[in-house]
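# Residue-level structure breakdown
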Amino acid sequence: MNSMSSLIVLFFVSFLGSCFGAIPSFGMQSATEIRESLKDSDFRIRVQKGGLLESENFTARIANFKKFPALAGQDVQSEIAAVVLKAGKPFFKHLHPRGAETLNVLEGVLRVELQKEGINPEIIKNVLKAGESTVFPQGLFHDAFCVSKSDCRFNVVFNTADPGLVVVV
Ligand SMILES: *[C@@H]1O[C@H](CO)[C@@H](O)[C@H](O)[C@H]1NC(C)=O
């Protein structure tokens, strides 16, 4: 190939490249591109700096992708919450329509209940001590009660960036 035709091929290839570059990407980025744009400190997720959800019986700090971008990407989907449930108090019955939850008890003794599917649902009941965990499958009702004389502290981690919350009315 002489230099003139090489030049034409080169021009054509770069022209094609600019055409593809002009195709709208709808903001989609590859996993690598997303990570490239993050700083080391973005991978230090301090849940106590997350959003605050307060109720008369509990306080929850929630870290999600809005403040901690490392929690959502093409290959990462997570949300983390740190909860303090007062001694002798219940956490309201709820479900997460878009995600499964793993709960890890850090302090206190927590009774947890999980409602199975079906028209006559059984309830799966457990009493968890510090260091113990449970899972709540996506879309199933669950609740908790702090049975200890001291407050219960637990962390929850979701397998999705946007699990959602549905309560019983
Ligand atoms: C707080 O706990 C009490 C029981 O001690 C309960 O009656 C009340 O409904 C709970 N509040 C909320 C908002 O869940």
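The model shown is predicted, which means the values in this text are computed figures rather than measured ones.

### Describing a nonpolar patch on the surface
Taken together, Phe 92, Leu 165, Val 167 and Val 169 make up a surface patch of nonpolar side chains, about 410 Å² in accessible area. With respect to the element layout, Leu 165 can be found in the loop between strand E10 (152–158) and strand E11 (166–167). Residue classification places Leu 165 among the partly exposed residues on the basis of a relative accessible area of 47%.

### Considerations on the side chain of Ser 78
For Ser 78, the position within the fold is in the loop between strand E2 (58–63) and strand E3 (79–85). Not counting chain neighbours up to four residues away, the residues in contact with Ser 78 comprise Leu 71, Val 157, Phe 158, Thr 160 and Ala 161.

### Considering the pairing of E2
Sheet analysis places strand E1 (residues 51–54) next to E2, joined by four bridges and oriented antiparallel. Looking across to E2, one finds that Leu 53 is bridged to Ala 60. Two successive antiparallel strands, E1 and E2, enclose a turn made up of three residues. Strand direction decides the pairing type here: E2 and E3, joined by six bridges, are antiparallel. Its bridge partner lying in E3, Ala 63 is registered against Ile 80.

### Describing the confidence of the model for the protein
Low pLDDT marks stretches whose predicted atomic positions should not be read closely. For the protein, per-residue confidence averages 89 on the pLDDT scale, and residues scoring 70 or more make up 85% of the total. Note on residues 13–21: pLDDT under 50 across the span, and zero contacts to partners over four residues away in sequence or across chains.

### Things to note about the site of the ligand
In the vicinity of the ligand, the contacting residues are Ser 55, Glu 56, Asn 57, Lys 89 and Pro 90. Glu 56 places a side-chain nitrogen or oxygen 3.0 Å from a nitrogen atom of the ligand. With respect to the ligand, the side chain of Asn 57 contributes an N or O atom lying 2.4 Å from an oxygen atom.

### Section: the state of the cysteines
Applying the stated criterion across every chain yields a total of one disulfide. Each disulfide pairs two cysteine sulfurs, and for Cys 146 the partner residue is Cys 152, the sulfurs being separated by 2.2 Å. On the S-S bond that ties Cys 146 to Cys 152, the torsion sits near 85 degrees, and the link is right-handed. A relative accessible area of 0% places Cys 152 in the buried class.

### Topic: the sheet that holds strand E8 (residues 133–136)
Each strand in a sheet pairs with another by means of backbone hydrogen bonds, the pair being arranged parallel or else antiparallel. Across the sheet, which stays open at both edges, the six strands sit in the order E1-E2-E3-E10-E5-E8 with antiparallel pairing between neighbours. Across the chains shown, the open sheet's two edge strands, defined by having one partner strand only, are E1 and E8. Direction aside, neighbouring strands of the sheet carry axes that sit 20 degrees apart on average.

Conventions and cut-offs
- Residues numbered from 1 in each chain as written.
- Predicted model: local features only at pLDDT ≥ 70, side-chain atom pairs only at ≥ 80, totals over all residues.
- Heavy atoms only, no water.
- Patch = residues over 30% accessible without salt bridge, like charges linked within 9 Å, V, L, I, M, F, W, Y side chains within 5 Å.
- Areas by Shrake-Rupley, 256 points an atom, 1.4 Å probe, with all protein chains shown as cover.
- Salt bridge = Lys/Arg side-chain N within 4 Å of Asp/Glu carboxyl O.
- Helix = DSSP H or I, 4+ residues; strand = E, 2+ residues; numbered from the N terminus.
- Buried < 20%, exposed > 50% of the residue type's maximum accessible area, 1.4 Å probe, protein only.
- Contact = heavy atoms within 4.5 Å.
- Pairing = 2+ DSSP bridges.
- pLDDT = per-residue confidence, 0-100.
- Near = heavy atom within 4 Å.
- Polar contact = N/O pair within 3.5 Å; in protein donor to acceptor, adjacent residues only side chain to side chain.
- Disulfide = S-S within 2.5 Å.
- Axes fitted to C-alpha atoms, helices over the stretch in contact; angles between N-to-C directions.

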